[in-house]
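# Structural characterization, general
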Amino acid sequence: MAETHLPLETKNEKPNLHRYWRFWIPAAVILALMVKFPLRIDLRESTLDGLFYGSISFGCLVMMVRVYWRFGNDAHRLMAIILLCALLSSWQVIDMMILREEGPSAHTYASSSNIFEPLHDGWAWYNLRFPDRNIMCHSLFEQYVGNHILAIAYNINREATWFACGG
């Protein structure tokens, strides 16, 4: 009995990248939205946000290398989208871990430990590692919707004046 094997890919065929595009295009859109409206985990500290976004960025870079090894030069556009996702998530790491000091200097949000608590408005002031000397008491102000465990920042003012200084 003769066995017939069909080749998975021939040299003249382009690789089928549709399943990758179906994941990475929505991921890029979501991460782009998260630059403007970032998800914050446990508002009392910045480390968890750095770990969350850092793992996303690292996963994107690992996936980009895997796509290159598998498809080579046929997937440059896909690798560019994956690199864009890595850069968008690494911006959050830079923002939370490098540009700000650890944890908010003043904040208000629901203090219950229940993650299923109804959504509340809250705010936080962050001290900056590199403040602008032209702005008196330069700090960063964020407004949130959510609770203290998971919140989405809907307003970020990077040139705020600390409220104790009359801001």
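Right above here is the structure, for reference.
First things first, this report covers the structure right here in the doc. (Residues numbered from 1 in each chain as written. Predicted model: local features only at pLDDT ≥ 70, side-chain atom pairs only at ≥ 80, totals over all residues. Heavy atoms only, no water.)

It is the contact of helix 1 (residues 18-36) with helix 3 (residues 76-99), at a shortest axis distance of 9 Å, that shows an interaxial angle of 30°. Judged by the inter-axis angle, helix 1 sits roughly parallel to helix 3. Seen along the crossing, helix 1 lies across helix 3 with a hand that is left-handed. Contacts from Y20, W21, W24, I25, A27, A28, L31, A32, M34 and V35 of helix 1 reach helix 3 at R77, L78, I81, I82, L84, C85, L88, S89, W91 and Q92. Of the residues assigned to the contact of helix 1 with helix 3, the class counts are 17 nonpolar, 2 polar and 1 charged. (Axes fitted to C-alpha atoms, helices over the stretch in contact; angles between N-to-C directions. Helix = DSSP H or I, 4+ residues; strand = E, 2+ residues; numbered from the N terminus. Parallel < 35°, antiparallel > 145°, perpendicular 65-115°, else oblique. Left-handed = near helix turned anticlockwise from the far one by under 90°. Contact = heavy atoms within 4.5 Å. Nonpolar A, V, L, I, M, F, W, Y, C, P; charged D, E, K, R; others polar.)

Here we come to helix 1. One turn of the α-helix equals 3.6 residues, which is why residues spaced by three or four share an orientation. End to end, helix 1 covers 28 Å across 19 residues, agreeing with the expected 27 Å (1.5 Å per residue, within 8%). Elements that come into contact with the buried residues of helix 1 comprise strand 1 (39-41), helix 2 (47-71) and helix 3. (Expected span 1.5 Å × (residues − 1).)

In this section: the pairing of strand 5 (residues 150-161). Pairing geometry for strand 1 and strand 5, over 3 bridges, is antiparallel. Residue pairing across strands places R40 opposite A151, the latter belonging to strand 5. Here 8 bridges tie strand 4 (residues 138-146) to strand 5, and the two strands are oriented antiparallel to one another. Directly across from G146, in strand 5, lies its bridge partner A151. (Pairing = 2+ DSSP bridges.)

So, on to helix 2. The end-to-end C-alpha distance of helix 2 is 36 Å, a good match for the 36 Å that 25 residues give at a rise of 1.5 Å each. Considered for burial, the residues of helix 2 that qualify are D49, G50, Y53, S57, C60, M63, M64, V67 and F71. Where helix 2 is buried, its residues contact helix 1, strand 1 and helix 3. Following helix 2 by one or two positions, G72 has its phi on the positive side, about 65°. (Buried < 20%, exposed > 50% of the residue type's maximum accessible area, 1.4 Å probe, protein only.)

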